[in-house]
Structure formats: C-alpha cells, structure tokens
Amino acid sequence: MSTSFKYSSVAPDTCDLDNITGNHPGYLLEIGERDGGVLITVCPENQVKNPSAQNVYGVFFNPEEAETVLQGLQEAINSARHKNKGSSGHPNRVRQA
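Because the structure is predicted, anything quoted here is derived from the model rather than measured.

**Examining unusual backbone geometry**
- A positive phi angle is found at Asn19, which is not glycine, with a value near 50°.
- Following the sequence through the fold, Asn19 ends up in the loop between β1 (4-11) and β2 (27-34).
- The backbone of Asp35 sits at a positive phi, close to 50°, despite the residue not being glycine.

Right, dumping it as structure tokens:
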C-alpha cells in the first residue's frame, strides 16, 4: 500500500496567508496514486519533521471521483481568474516541499 506522490508543496494557511503572526506556517499538500486510486494528504508544515506528532489527513478517490474533483478545481480557477481579470490577484505563496 505505497503511494507514488506526483505533487508535493507547502501551501499557506487561509488564517494568515503570509504567516505574519508565526502561528500559521501552512500545510504540506501531497497528491498521489495509491492502489489504483488518487490520494490527497494534508499535514501542518510544522509537524512534517516530527513523524510522531504528525496529524496527517487524507482523502481517497477512485479515478472517476478524482475527475469530478479536478473539474471543480478547474471551475474555481476559472472563476478566480475572471474576478482578477486574468491576473493571479495574489502573490505566489506556494513553495516546493
């Protein structure tokens, strides 16, 4: 039951996008394939280096369900681009894990 991750990054916490307070470091987001399905996991970044304390949350989709999630993501992207008149509207905050 191993996972082959295809995407891994650290994304900001919506409570404090730039972590100005120092209390919201962001989340490790990973997307991969496991046993013929798609796995998405999220873990607080400050717990990544401490496996015994990790609070890893994951969701599993079969390929058809994952396609529906992808469609929803694309619709959200299109809506955000429309609101920002084609630009990103926000600085890049996601970084490689």
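**Here's the deal with the layout of surface pockets**
- Taken as a whole, the largest pocket encloses approximately 810 Å³ of empty space.
- Lining the largest pocket are 21 residues; nearest its centre among them are Ile77, Ala80, Ser88, His90 and Val94.
- Counting residues per element, the ones that place at least two in the lining of the largest pocket are β2 and α1 (63-83).
- For the lining of the largest pocket, the element with the highest residue contribution is α1, accounting for five residues.
- Taken together, the residues that form the lining of the largest pocket break down as 12 nonpolar, seven polar and two charged.
- Of the voids in this model, the second largest pocket is the one considered here, and its volume is about 260 Å³.
- Sorting elements by how many residues they give to the lining of the second largest pocket places α1 first, with six residues.
- The residue inventory of the lining of the second largest pocket, partitioned by class, reads nine nonpolar, no polar and one charged.

Parameters at a glance
Residues numbered from 1 in each chain as written. Predicted model: local features only at pLDDT ≥ 70, side-chain atom pairs only at ≥ 80, totals over all residues. Heavy atoms only, no water. Helix = DSSP H or I, 4+ residues; strand = E, 2+ residues; numbered from the N terminus. 1 Å grid on protein atoms, 1.4 Å probe; cavity = no way out; pocket = protein on both sides within 12 Å on 5 of 7 lines; lining within 4 Å. Points joined across faces, edges and corners; volume = space filled by probe spheres on them. Nonpolar A, V, L, I, M, F, W, Y, C, P; charged D, E, K, R; others polar.

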